[in-house]
Amino acid sequence: MNIQAVEIVRDHNTAGRDVGCRLCGSRLRHTLVDLGMSPPCESILKADQIDQMELYYPLNVMVCDTCLLVQLKEYVSAETIFSEYAYFSSFSTSWVAHAKAYCEAITKRLGLGEESLAVELASNDGYLLQHFLPLGVPVIGVEPAANVARAAEEKGVLTRVDFFGVRLANQMVTEELKADLIIGNNVLAQVPDLNDFVAGMKILLKPEGVVTLEFPHIERLMAENQFDTIYHEHYSYFSLLTVDLMAARHGLRVIDVEELPTHGGSLRVYLAHEGSSRATEDSVTELLDREKRHGLMDMSTYASFGLKAKRAKRDLLAFLIAAKNEGKKICGYGAPGKGNTLLNYCAIGTDFLDFTVDRNPYKHGRYTPGMHIPIKPVQAIDEAKPDYILILPWNLKDEIVQQMHHVAGWGAKFVVPIPFVTVIDPSELRK
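In this text, all values refer to a predicted model and were calculated from it rather than measured experimentally. (Residues numbered from 1 in each chain as written. Predicted model: local features only at pLDDT ≥ 70, side-chain atom pairs only at ≥ 80, totals over all residues. Heavy atoms only, no water.)

Draft legend 1. The arrangement of the overall build of the chain in detail. Looking only at helices and strands, the chain features 13 helices and 18 strands. Its C-alpha atoms give the chain a radius of gyration of 22 Å, within 12% of the compact-globule value 22 Å for 431 residues. For the chain, the spread of C-alpha atoms along the three principal axes comes to 65 × 50 × 40 Å. By residue count, 57% of the 431 residues in the chain fall in the buried class. Within the chain, contacts between residues at least 6 apart in sequence are counted, and of these 72% link residues at least 24 apart. Counting only carbon and sulfur atoms, one obtains 51% of the accessible surface of the chain, whose full area is about 17,800 Å². Once the 43 positive and 55 negative side-chain charges of the chain are each reduced to a mean point, those two points are 4 Å apart. (Helix = DSSP H or I, 4+ residues; strand = E, 2+ residues; numbered from the N terminus. Rg over C-alpha atoms; globule rule 2.2 N^0.38 Å. Buried < 20%, exposed > 50% of the residue type's maximum accessible area, 1.4 Å probe, protein only. Contact = heavy atoms within 4.5 Å. Areas by Shrake-Rupley, 256 points an atom, 1.4 Å probe, with all protein chains shown as cover. Lys, Arg positive; Asp, Glu negative; His and termini not counted. Charge placed at Lys NZ, Arg CZ, Asp CG, Glu CD.)

Draft legend 2. Quick look at unusual backbone geometry. Look at the link from I418 to P419: it is a cis peptide, with omega at 5°. Mapped onto the elements, P419 comes out in the loop between β17 (413-416) and β18 (422-424). Despite not being glycine, N186 shows a phi value in the positive range, around 55°. As for its placement among the helices and strands, N186 is situated in the loop between β8 (179-185) and α5 (194-204). Classification of N186 by relative accessible area gives buried; the value is 18%. For H372, which is not a glycine, the phi torsion comes out positive at approximately 55°. Classification of H372 by relative accessible area gives buried; the value is 14%.

Draft legend 3. Quick look at the packing of aromatic side chains. Tallied over the full model, the rule gives four aromatic pairs. Taking 5.4 Å as the distance between ring centres and 65° as the angle between the ring planes, the aromatic pair formed by F227 and Y345 counts as edge-to-face. With F227 in the loop between α6 (218-223) and β10 (236-237) and Y345 in helix α11 (residues 337-346), this pair connects stretches of sequence that are 118 residues apart. Here F227 matches Y345 in class, with each residue buried. Between the NZ or CZ atom of R109 and the centre of the ring of Y270, over which it lies, the distance is 4.2 Å. (Phe/Tyr/Trp six-rings, centres within 6.5 Å; stacked < 30°, edge-to-face > 60°. Lys NZ or Arg CZ within 6 Å of the ring centre and 35° of its normal.)

Draft legend 4. Up close: the sheet that holds β18. Taken in spatial order, the six strands line up as β15-β14-β13-β16-β17-β18 in an open sheet, and their pairing is mixed. Each of the sheet's edge strands pairs with one partner strand only, and the pair in question is β15 (375-376) and β18. (Pairing = 2+ DSSP bridges.)

Draft legend 5. Spatial organisation of the nonpolar core. Counting 109 residues, the largest nonpolar core has L32 and I230 as the members making the most contacts within it. Taken domain by domain, the makeup of this core includes at least three residues from each of domain 1 (83-294) and domain 2 (301-428). Contact partners of I230, with chain neighbours within four places excluded, come to L32, V33, L35, L59, V61, L72, Y237, F305 and T341. Membership of the second largest hydrophobic core comes to 23 residues, among which are A99, A118, V137 and A272. (Core = buried A, V, L, I, M, F, W, Y, C linked by side-chain atoms within 4.5 Å. Domains from an automatic or database assignment.)

Rendered as structure tokens:
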């Protein structure tokens, strides 16, 4: 009999002691949600690792009542997570299209050209910066994961393999590489030292330059029960109220904000130097006021979120148990970070899911962390012909249902777990 050893890591030095907010340093006293213990979500396992010890860390999320930053402790260092990374942005067709539309729009809005410089922080595999090249805008990517950066270089995107902060910003300035545009898409949440990161952007940005940051909106995360977007590589979760305070701490100013449908509901925030001539749009005041009306300055709003996560867990398990008791065959679609939070929080293993599939060849033949569900190529679904397909990257459900519409041919249905269980019958949808 194989006995798997699991090491559960707790910080005994800080247990029972006050923990300071990573943005303002205030004592953290309020819990958003406790999702128990989970392994790092992107620690995809090779076959020879599934009988070895795994590290589990708490997913206990706190809220600062001073700056309203929602946050996890840095249980896992950024160097451990991002030196080699399993996520390649280009495998999401809709995300690449989103990036292309952004590049075209921001080039026109800022009047970027061959004398400009666009710098993307956490530029991944060049999914975004590649679209500036035909527009004639020079680019530099900053990406700490060497394996992902290589894919960007192959697209012709000049990429520095490094972590961004004050040190690198100063180095780039000495090389006369100040930026007209700094882009940070879904990176702000992954920065353990926020003050160093934002201070670096301040240094790198030209006097009339613009920073755009995209990140999941904590208002939408709570309203739509997106608890599975919480995992160890996401150290922080933001409202505009928090970003406004964060910018001001570093001599920056929020000048515009857009609400986006990506990742279950995100914000795109535009920042400029405090003394910039750029005007502040009405959208900023309007969203700040709305967040206040929706209770984002009230700790009781955050405290109620944990109950919704527990209900979603019970709902999903009840559905899966009933389906398996009826003899149904179930597999997953995708092996994203959010999926691994969901699987581990709900203890969903191969007793429920025979396997999952992913478009990323890097993950094929490997296993999900914790629950050890095999990850196969997408065509495995056609071979197995399951009755239900659990969509783990539910934020891409429309794209996935369209790509996999043919499963209606054998009567398969899709299951979306968030905010609560929803079953989609593709035979009832138009292609």
